[in-house]
Amino acid sequence: MSTGVIIALIVIVAVVVAVLAALTVRARGAHGGGGLKRRFGPEYDRAVARHDGDVQAAERELAALVERHGGLRERPLEPAERERYEARWTATQEHFVDSPREAVAEADRLVAELAGARGFPDGGQYEEQVAALSVHHARHVQGYRTVHRLAGAQGEAAGRADGSSDAAAPGTEELRAALLEARALFEDLLAPARGELTAKKTEETTTTTTTARREDHGRHLPRTFQRHQPKEG
């Protein structure tokens, strides 16, 4: 093998290594480190805390969540469907005045149902549903966890036979804070997704443009084609 061929092979190998290194850096930027921290926000810090400060372990967990749920596309809600959910949440908040514990349980069920309606895993798969929500609604998913935990705690306390349910059950202020926290995720899920807003804006722009063209066309029609207006008197 000649010296020129050897040099050419070395150059090719060096180029391949450089390309692979660049791709690795790009992947880490998208799925790890700063990219994951920006995407997950408070969920990133919670993941690090769960792993006792092991950043690499936390990032592996979050990257796996993105891999599993990142491709999910939220299903649009019909206007009437959105109005029904809004009305139900309003009723839940009003119910809180008389029955805080029942209202929190209702909020837990309502968030789970709305998430399922938007295309997330069904509420019966709570852990999987929360995992998917943490990828797409990371800044508000903790509110759902809180309200779900308190709803469960209420059920456990009520089911005790030693009469200690009142002491074990969460207080009214804790329930109120949980309801407000869950409302942030509920409103986030209720809002149109970015793709829906783009489609709606495109449709409105098309409609406006079509209407303007028709009006402009009418103004420039020959006089014989325009509606005859009878003379007064």
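These figures come from a predicted structure and were not determined experimentally.

Draft legend 1. Seen up close, the overall build of the chain. Helix and strand content of the chain: eleven helices and zero strands. Secondary structure elements of the chain occur, N-terminal to C-terminal, as α-α-α-α-α-α-α-α-α-α-α. Buried positions account for 30% of the 233 residues belonging to the chain. Split by element, the accessible area of the chain, about 15,300 Å² in all, is 55% carbon and sulfur.

Draft legend 2. Representation of the pattern of salt bridges in the model. A full pass over the atoms with the stated rule returns nine salt bridges. For Arg145, the salt bridge goes to Glu43, with nearest N and O atoms at 2.7 Å. With Arg145 in helix H8 (residues 141-158) and Glu43 in helix H3 (residues 42-50), the pair connects residues that are 102 residues apart, well separated along the chain. According to the relative accessible area criterion, Arg145 is partly exposed, its value standing at 23%. Here Arg88 makes a salt bridge to Glu113, at a shortest N to O gap of 2.8 Å. Here Glu113 lies in helix H6 (residues 100-117) and Arg88 lies in helix H5 (residues 79-98), a separation of 25 residues in the sequence. For Arg88, a relative accessible area of 37% gives the class partly exposed. Bridged by salt links that share partners, the residues Glu43, Arg46 and Arg145 form one connected network.

Draft legend 3. Quick peek at the confidence of the model for the chain. In the predicted model, the chain carries a mean pLDDT of 80, and 67% of its residues have values of at least 70. Counted against residues more than four places away or in other chains, residues 21-32, with its pLDDT under 50, gives nine contacts. Taken together, the stretch residues 224-228 has pLDDT below 50 and engages in three contacts with residues farther than four places along the chain or on a different chain.

Draft legend 4. Structural context of the side chain of Gln129. Positionally, Gln129 belongs in helix H7 (residues 126-136). Within the structure, Gln129 has its side chain in polar contact with the side chain of Tyr144 (distance 2.8 Å). Contacts of Gln129, omitting those with residues within four sequence positions, involve Ala112, Ala115, Gly116, Phe120, Pro121, Asp122, Gly123 and Tyr144.

Draft legend 5. Summary view of unusual backbone geometry. The phi dihedral of Asp52 falls on the positive side, at around 55 degrees, and the residue is not glycine. When you line up the elements, Asp52 lands in the loop between H3 and helix H4 (55-69).

Cut-offs and rules
- Residues numbered from 1 in each chain as written.
- Predicted model: local features only at pLDDT ≥ 70, side-chain atom pairs only at ≥ 80, totals over all residues.
- Heavy atoms only, no water.
- Helix = DSSP H or I, 4+ residues; strand = E, 2+ residues; numbered from the N terminus.
- Buried < 20%, exposed > 50% of the residue type's maximum accessible area, 1.4 Å probe, protein only.
- Areas by Shrake-Rupley, 256 points an atom, 1.4 Å probe, with all protein chains shown as cover.
- Salt bridge = Lys/Arg side-chain N within 4 Å of Asp/Glu carboxyl O.
- pLDDT = per-residue confidence, 0-100.
- Contact = heavy atoms within 4.5 Å.
- Polar contact = N/O pair within 3.5 Å; in protein donor to acceptor, adjacent residues only side chain to side chain.

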